[in-house]
Amino acid sequence: MQILAQQLVDGVLIGLVYSLLAIGLTLIWGVMNVLNFAHGEFLMIGMFLSYWLYTLAGVDPLFSIPLNAVALFLLGMFIYRFIISKVMTGPPLAQLVVTFGVSIFLANFAAFIWTPNYRFIGHTIFSGTWHLSGIILSVPKVISSVGSILTSGAVFWFLRHTRTGKAILAVEMDREAALIMGINTERINSLSFGIGSALVGVAGALLATHYYIYPFVGGTFGLICFCIVALGGFGSIEGAFIAGIIVGVVQTVGGYLFDPAYKVAIVFLMYLITVWIRPQGLRG
Amino acid sequence: MKMRRVLMVSAVIAMALALCAGPGLAQEKVIKIGALYPLTGNLAATGMDCKRGVDLAVQIINGKYDLNLPFAKTEGIPDMGGAKLQIIYADTQGDPKNGLAEAERLITQEKCVALIGAYQSAVTKTASQAAERLKIPYVCSDSSSPTLTERGFKYFFRVSPHDGTMARNQFEFLKDLEKKTGQKVETIGLVYENTEFGANVGKQEKEYAKEFGYKVTADIAYPANSSDVSSEVGKLMAAKPDVIMHAAYITDAILFTKTFKDMNVVPKGFLNMAGYIESDYLPSVKADGDFILVRSTFALDLAKKKPLVGQVADLYKEKYKIEMGENTARSFAAPFVLADAISRAKSTAPEAIVKALEQTDIPGDQMIYPWQGIKFDPTTHQNIYAKAMLVQIQDQHYYTVWPWEAASRELVWPFPAWKDRK
């Protein structure tokens, strides 16, 4: 029973990190209908950034969060301006393939300049475990989840309460109407791509506190991210947040109750059932 | 009109290809060997380890070195007119279907006379199928799934011990331990990743547990490269086995070690495989890896009893600025075995090489492993002398602890609790 409770807690903790990753992805999809296959690689770059700041300058991953956010925001804008926007007017297949190309390029480029070796940030200011009435909480994981909640909250607030945020939501709802109302949709596009990437940069710093780092780490999180976005409803930020937690919990608790060999299968089965009953996803 | 242009272009391409393929025979004596490794993708770091091992071996064969290794003292292979080995690398990306396609390409387009590689058993399985079909010898010294040599292939040979042998060695160790120290182990928890390698290890370990009289209280297969392993570790915590045996590649090894520590999992011992001995493992987990036991075919401390190991390890360190690890050491073997066979066959014809391979008899003092030698079983083509030893991580280094007579450090048993460490 205690172990089951432990699984539940661990599931929520990893789920919250999934949520943050998926929010960035769903934002990009919602605004411009581009499925960013390079999302996982952006995460990898965020993790490496934290790693190098830690190794070369002694900056704790938690303090590299703002830097990561800014750097990934700029990278996202750059990639949007010079690559994605060029194919936005092309056939849908081109839009799909271009981010795929970016992802392969980034992963292999990282392997080339940083070698494919595995790296790990040894000691962060928050490490160790807390014991809470028999449940063991890994401190870095708790910090990551709290960071994830705060960042997601900030995104919600930004979208609801600022002019730019509202403009993003407007474009998400109806691009043409937004254009007629005088919203510069091109600017909103690159802005949302930048924000989506910044979120993944934050997630990268959070994950770097307790996860190994290497050029192909994006693949481990990428696929699960797509599942979460589809489960939550394409483009729905609340949906992605909730779905992230659900996937985390189902994965750990399901793996514990049945068999870890099927934990990924259980997640995707749940996804299949959801789209069968509700093709638009939870909040789509 | 258009059709004619296409025909013209094809004709030109065909001619160009014919020209390229032609001069190969007349050139200076080079023996082309194809090597398959995961040079990009999840296991790229491991693939690079293997590649460095092969490169060093080829450098020794082609150059002049004062080492007691086959062909070290001469340049190239004397019986082939001083012919040198040339390795053509192919990237499998760790994917069995790429392994198959790349093996075919190496044979049909690059005209390699033999293949080596591919580290991951699942990839070696498909790649060696291509070699078997195209009748090209394949010498593997780095994949460990027992099924590879159970297929009755004519062209496939394996130098290194397979997981069946190594799993058996783990249980022999437990029995030895009981005999020596009286420390009894009753229950075993098995955790293994679900590809060719892990699944077969799990199968073998279950059989040997039964044979040696241990009770398996947890039998956990899990998907490789997980983002989180809480449920796997949770299952182990529920079963509380005396000894945990984990078969994984490096990514999972790092994640499990961290989770074991966080969740305070303290069995009497960890007997692990593969990922725990890859060169990036200790730099990643640092002191958290201490006291874990890993099966190995190589350890740097073998140098104490076998100076050759130290000489090769120094050469390696000088060249690559890192310590030689077990994967590198394993991949290091295949080029020597092939060079030896080609030299005795005095030919690069596949049939002749296979025939020579079947008669391989390399003595133990001419290699860097603690075995009696290399000699292939006539039906399975598995090296009959290959076996594993156990190394324990102490002070962030690997030390041989079993068999007792090969030990360079005293075994630490049971596994010290995480909280008692500094």
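Residues numbered from 1 in each chain as written. Chains lettered and ligands numbered in written order. Predicted model: local features only at pLDDT ≥ 70, side-chain atom pairs only at ≥ 80, totals over all residues. Heavy atoms only, no water.

Trainee: Help me get a handle on the overall build of chain B, residues and values and all.
Mentor: Within chain B one finds 13 helices and 14 strands. Whereas a compact globule of 422 residues would reach a radius of gyration of roughly 22 Å, chain B reaches 23 Å, a difference of no more than 12%. If one aligns the C-alpha atoms of chain B with their principal axes, the spans along those axes are about 75 × 55 × 40 Å. Residue burial in chain B is summarised as follows: out of 422 residues, 60% are buried. Contacts spanning at least 24 positions in sequence make up 67% of the contacts within chain B whose residues lie at least 6 apart. Accessible surface for chain B amounts to roughly 16,500 Å². Of this, 55% is attributable to carbon and sulfur atoms. Computed over 51 positive and 49 negative side-chain charges, the inter-centroid distance for chain B is 3 Å. (Helix = DSSP H or I, 4+ residues; strand = E, 2+ residues; numbered from the N terminus. Rg over C-alpha atoms; globule rule 2.2 N^0.38 Å. Buried < 20%, exposed > 50% of the residue type's maximum accessible area, 1.4 Å probe, protein only. Contact = heavy atoms within 4.5 Å. Areas by Shrake-Rupley, 256 points an atom, 1.4 Å probe, with all protein chains shown as cover. Lys, Arg positive; Asp, Glu negative; His and termini not counted. Charge placed at Lys NZ, Arg CZ, Asp CG, Glu CD.)

Trainee: Any chance you could break down the side chain of Asn169 of chain B for me, citing the residues and the numbers?
Mentor: Residues and elements named next belong to chain B. Position of Asn169 relative to the elements: it lies in helix 5 (residues 163–181). For Asn169, a relative accessible area of 8% corresponds to the buried category. One polar contact links the side chain of Asn169 to the main-chain amide nitrogen of Ala388, over a distance of 3.1 Å. Once residues lying within four places of it in the same chain are set aside, the contact partners of Asn169 are Lys387, Ala388 and Trp402. (Polar contact = N/O pair within 3.5 Å; in protein donor to acceptor, adjacent residues only side chain to side chain.)

Trainee: Report on unusual backbone geometry, specifying residues and quantitative values.
Mentor: With an omega dihedral of 10°, the bond running from Gly117 of chain B to Ala118 of chain B counts as a cis peptide bond. Inspection of the secondary structure assignment puts Ala118 of chain B in the loop between strand 3 (114–117) and helix 4 (121–133). The linkage connecting Trp402 of chain B with the following residue, Pro403 of chain B, adopts the cis geometry, with an omega of -5°. Inspection of the secondary structure assignment puts Pro403 of chain B in the segment after strand 14 (397–402). Phi at Thr115 of chain A takes a positive value of approximately 65°, unusual for a residue other than glycine. As for its position among the elements, Thr115 of chain A is in the loop between helix 4 (92–114) and strand 1 (129–132). By relative accessible area, which is 35% here, Thr115 of chain A ends up partly exposed. One non-glycine residue, Ala274 of chain B, lies in positive phi territory at about 50°. Within the fold, Ala274 of chain B resides in strand 9 (residues 269–274).

Trainee: Residues and numbers for the side chain of Thr162 of chain A, please.
Mentor: Residue and element names in this part refer to chain A. Tracing the backbone through its elements, the reader meets Thr162 in the loop between helix 5 (139–161) and helix 6 (163–173). On the accessibility criterion, Thr162 (18% relative accessible area) is buried. Of the polar contacts made by the side chain of Thr162, one reaches the backbone nitrogen of Gly165; its length is 3.0 Å.

Trainee: Any chance you could break down the sheet that holds strand 1 (residues 30–37) of chain B for me, citing the residues and the numbers?
Mentor: Residues and elements named next belong to chain B. Across the sheet, five strands lie side by side as 2-1-3-4-5; this open sheet has parallel pairing. With one partner strand each, in any of the chains shown, strand 2 (84–91) and strand 5 (156–158) form the two edges of the open sheet. Neighbouring strand axes in the sheet, compared pairwise and without regard to direction, differ in orientation by 25° on average. For strand 1 and strand 2, the ladder comprises eight bridges, and the chain directions are parallel. In the strand pairing of strand 2, Lys32 is matched with Gln86. (Pairing = 2+ DSSP bridges. Axes fitted to C-alpha atoms, helices over the stretch in contact; angles between N-to-C directions.)

Trainee: Break down the packing of helix 5 of chain B against helix 6 (residues 196–212) of chain B for me, citing the residues and quoting the values.
Mentor: Residues and elements named next belong to chain B. Running from N to C, helix 5 and helix 6 point in directions that differ by 40°, and their axes come no closer than 9 Å. The pairing of helix 5 with helix 6 is recorded here as oblique in orientation. Regarding helix 5 and helix 6, the two cross each other, and that crossing is right-handed. Taken together, the residues of helix 6 that come into contact with helix 5 (itself represented by Asp163, Gly164, Ala167, Arg168, Gln170, Phe171, Glu172 and Lys175) are Phe197, Val201, Gln204, Glu205, Tyr208, Ala209, Glu211 and Phe212. Considered class by class, the residues forming the contact of helix 5 with helix 6 number seven nonpolar, three polar and six charged. (Parallel < 35°, antiparallel > 145°, perpendicular 65-115°, else oblique. Left-handed = near helix turned anticlockwise from the far one by under 90°. Nonpolar A, V, L, I, M, F, W, Y, C, P; charged D, E, K, R; others polar.)

Trainee: Give me the interface of chain B and chain A: which residues, what numbers.
Mentor: If you look at the interface, chain B gives 34 residues, while chain A gives 33 residues. For the chain B and chain A pair, buried surface summed over both sides reaches about 2,900 Å², with 59% attributable to carbon and sulfur atoms. Linking chain B with chain A are two salt bridges. The salt bridge involving Lys141 of chain A is made with Asp228 of chain B; its shortest N-O contact spans 3.7 Å. (Buried area = accessible area lost by both parts, 1.4 Å probe. Salt bridge = Lys/Arg side-chain N within 4 Å of Asp/Glu carboxyl O.)

Trainee: Lay out the pattern of salt bridges in plain terms, naming residues and giving numbers.
Mentor: Counting across every chain of the model gives 28 salt bridges over all chains. Residues participating in the shared-partner salt-bridge network are Asp163, Arg295, Glu326 and Arg330 of chain B.

Trainee: So, the domain arrangement of chain B: which residues are in play, and what are the values?
Mentor: Residue and element names in this part refer to chain B. Taken domain by domain, chain B holds domain 1 (27–161 + 305–374) and domain 2 (164–296 + 389–420). On a C-alpha basis, the centroid separation for the pair domain 1 and domain 2 is 29 Å. Between domain 1 and domain 2, the residue contacts involve 20 residues of the former and 21 residues of the latter. For the pair domain 1 and domain 2, the interface holds two salt bridges. (Domains from an automatic or database assignment.)

Trainee: Could you give an account of the pairing of strand 13 (residues 389–394) of chain B, with specific residues and numbers?
Mentor: All names here are of chain B. In terms of burial, strand 13 is largely enclosed, as six of its six residues are buried. Taking every second residue as pointing to the same face, both faces of strand 13 are buried, with Met389, Val391 and Ile393 on one and Leu390, Gln392 and Gln394 on the other. Relative to strand 13, strand 10 (residues 293–296) runs antiparallel, the two sharing four bridges. Each bridged residue has a counterpart across the sheet, and for Arg295 the counterpart in strand 13 is Leu390.

Trainee: Talk me through the pairing of strand 2 (residues 135–138) of chain A; I want residue IDs and the actual numbers.
Mentor: Residue and element names in this part refer to chain A. Alternating positions in strand 2 separate into two faces, Ile135 and Leu137 on one and Ile136 and Ser138 on the other, with burial throughout. The sheet contact formed by strand 1 and strand 2 spans four bridges and is antiparallel. Counterpart to Leu132 in the pairing with strand 2 is Ile135.

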